[in-house]
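Coordinate analysis (summary)
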Amino acid sequence: MLKLPGLIDPHVHVREPGQTHKEDWDTVTQAALAGGVTMILTMPNTKPPIFDAETLDLALSKAKKKARCDYAQFVGAGPDNAEMAASLADKAAGLKMYLDSTFGQLRLDDMTLWQPHFEKYPKQYPIVAHSESRSMAAAILFAAIYDRPIHIAHISLREEVLLVKAAKEHGIKVTCEVCPHHLFLTSPLPQGEGPGGRGNGRMEVRPRLATKEDVEALWENLDVIDCFATDHAPHRLEEKDSENPPPGFPGLETILPLLLTAVSDSRLTIPGIIQKMYTNPRKIFSLPEQNETWVEVDEDAEYEIHASEMFSRCGWTPFEGWKVKGKVRKVVLRGKTAFEDGIILVESGYGKNVRE
Ligand code: NCD
Ligand code: ZN
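Keep in mind it's a predicted model, so treat the numbers as computed, not measured.

Strands sit in the order β1-β11-β12-β13-β14 across an open sheet of 5 strands; the sheet is antiparallel. Edge positions in the open sheet fall to β1 (2–5) and β14 (343–344), since each of these has one partner strand only. Relative to strand β12 (residues 323–333), strand β11 (residues 294–304) runs antiparallel, the two sharing 8 bridges. Its bridge partner being in β12, valine 297 is matched across the sheet by valine 328. Running over the sheet, helix α11 (residues 270–284) touches β1 and β11 and is turned about 25° from β1.

This paragraph deals with the coordination of the zinc ion (ligand 2). Coordination of the zinc ion (ligand 2) by the protein comes from His11 (NE2), His13 (NE2) and Asp231 (OD), over a distance range of 2.1 Å. Counting residues between consecutive donors of the zinc ion (ligand 2) along the chain gives the motif H-x1-H-x217-D. Summarising the burial analysis for this pair, histidine 11 and histidine 13 share the class buried.

With that settled, consider the pattern of salt bridges. Within the structure shown, the criterion is met by 18 salt bridges. For glutamate 239, the salt bridge goes to lysine 22, with nearest N and O atoms at 3.0 Å. Taken together, the residues glutamate 239 in helix α9 (residues 237–240) and lysine 22 in the loop between β2 (7–12) and α1 (25–34) connect sequence positions 217 residues apart. Each of the two residues, glutamate 239 as well as lysine 22, counts as buried. Taken together, the salt bridges that share partners define one network made up of Glu16, Asp24, Lys66 and Arg313.

All right, on to the environment of proline 257 then. Here proline 257 lies in helix α10 (residues 255–264). Given the relative accessible area of 3%, proline 257 is considered buried. Placed 66 residues apart in sequence, proline 257 and lysine 323 show a C-alpha to C-alpha distance of 9.3 Å. Not counting residues within four places of it along the chain, the set of residues in contact with proline 257 comprises Tyr303, Val324, Lys325 and Gly326.

Turning next to the layout of surface pockets. Here the second largest pocket defines a volume of roughly 340 Å³. Looking at the second largest pocket, it is lined by 17 residues, and the ones nearest its centre are Ala34, Tyr303, Glu309, Lys327 and Phe339. Within the residue set of the lining of the second largest pocket, elements represented by two or more residues are β11 and β12. In terms of residue count, the dominant contributor to the lining of the second largest pocket is β12 (3 residues). Here the lining of the second largest pocket is built from residues that sort into 8 nonpolar, 3 polar and 6 charged.

The next point concerns the nonpolar core. Among soluble globular proteins, nonpolar side chains are generally buried collectively. Counting 97 residues, the largest nonpolar core has Leu33, Ile40, Met97, Phe118, Ile152, Phe228 and Leu268 as its most contacted members. In contact with methionine 97, not counting residues within four places along its chain, are Ala77, Leu108, Trp114, His117, Phe118, Ile127, Val128, Ala129 and His130. In this structure, Tyr98, Val128, Ile284 and Leu287 belong to the second largest nonpolar core, which totals 16 residues.

Moving on to the side chain of glutamate 23. Among the structural elements, glutamate 23 can be located in the loop between β2 and α1. For the buried glutamate 23, no salt bridge exists, and the shortest N-O distance to an oppositely charged side chain is 5.6 Å, to arginine 313. Of note is the side chain of glutamate 23, whose polar atom sits 2.8 Å from the side chain of threonine 27. Residue contacts for glutamate 23: discarding those within four places in its chain leaves Val14, Arg15, Glu16, Val28, His232, Pro234, Ser312, Arg313 and Cys314.

What follows covers the packing of α1 against helix α2 (residues 53–66). Axis separation between α1 and α2 bottoms out at 9 Å; the angle between their running directions is 60°. The angle between α1 and α2 falls in the class oblique. Our pair here, α1 against α2, has a crossing hand that is right-handed. Facing α1, whose interface residues are Trp25, Asp26 and Thr29, α2 presents Ala59, Lys62, Ala63 and Lys66. When the residues that make up the contact of α1 with α2 are grouped by side-chain class, the tally is 3 nonpolar, 1 polar and 3 charged.

Cut-offs applied
Residues numbered from 1 in each chain as written. Chains lettered and ligands numbered in written order. Predicted model: local features only at pLDDT ≥ 70, side-chain atom pairs only at ≥ 80, totals over all residues. Heavy atoms only, no water. Pairing = 2+ DSSP bridges. Helix = DSSP H or I, 4+ residues; strand = E, 2+ residues; numbered from the N terminus. Contact = heavy atoms within 4.5 Å. Axes fitted to C-alpha atoms, helices over the stretch in contact; angles between N-to-C directions. Donors = N, O, S within 2.8 Å, 3.2 Å for Na, K, Ca; no water. Buried < 20%, exposed > 50% of the residue type's maximum accessible area, 1.4 Å probe, protein only. Salt bridge = Lys/Arg side-chain N within 4 Å of Asp/Glu carboxyl O. 1 Å grid on protein atoms, 1.4 Å probe; cavity = no way out; pocket = protein on both sides within 12 Å on 5 of 7 lines; lining within 4 Å. Points joined across faces, edges and corners; volume = space filled by probe spheres on them. Nonpolar A, V, L, I, M, F, W, Y, C, P; charged D, E, K, R; others polar. Core = buried A, V, L, I, M, F, W, Y, C linked by side-chain atoms within 4.5 Å. Lys, Arg positive; Asp, Glu negative; His and termini not counted. Polar contact = N/O pair within 3.5 Å; in protein donor to acceptor, adjacent residues only side chain to side chain. Parallel < 35°, antiparallel > 145°, perpendicular 65-115°, else oblique. Left-handed = near helix turned anticlockwise from the far one by under 90°.

Structure representation (structure tokens):
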């Protein structure tokens, strides 16, 4: 039996408030615990988006009642909330900036709108940027100009990991995360076209799945990557199979088995998982220790991934039928057994806001 610390996922979409038919604070935190994740940092692109004191309170009041694992909530950067967002920094996971194509309304195209956020958001917390390719380069330049930390969400391309590497070598305070789907899946279509199109909505995700060369570059440069994050972005199967499929994959219940399978294939190490899912996210996001918290894993258990056995409400996974090696047996969170052999054992409301 392998013992791991409680894992931290810095990139989770809860969908509450506003879209609880996809997921809510109860189901997402059950999915987290089943996946060996004891702390989630949650994204602000809900309905309404989380961008001021009132909407932050709204999300946190739902979480307080329903969450079963620990959490902190991001505030979103809007066109005119830089001062407000900065004033909420101590209560928030961090500031999320959407600088590229995404799901929801939080998107800042004009770079003059980025400036006040980079100026005002307290430097002890990172700004997290959804920024791809050249807008990632622009975001890193902003971090350099304002001499403050920036965390790049879900990098997926060779050019991105190489630029992050170069920026780090030049002392810029940049960190980054990668998602399992960008490590284990490639685009079914040639570069640039994206995997979308009718009938293939299940493969829609932002950033898009990339080429084999991109995926190989991520694996070759794992030392540049600070965190593994799921970007758990649940949408219902009916929505994914519709004419207008929303982008996003669920990921909380598959991240650890996929990574452990990579360990058994000698592509990754257990200390590497602990560094990227515990040590580094704690440091980057200034997260507290969860006392008496650990995950027990049966490293040799082989099984098939099936959405029908999952806690997420979305009802599907891009890894359906995959054979993996490594199963979460037990999760202890702050002294209490929270999950054991497929059963959730803590109540709604057991989860704590780690910024409180
Ligand atoms: C995310 C979602 O559905 O909220 N979708 C996605 O494809 N990753 C939005 C996002 O993170 O950009
Ligand atoms: Zn996301």
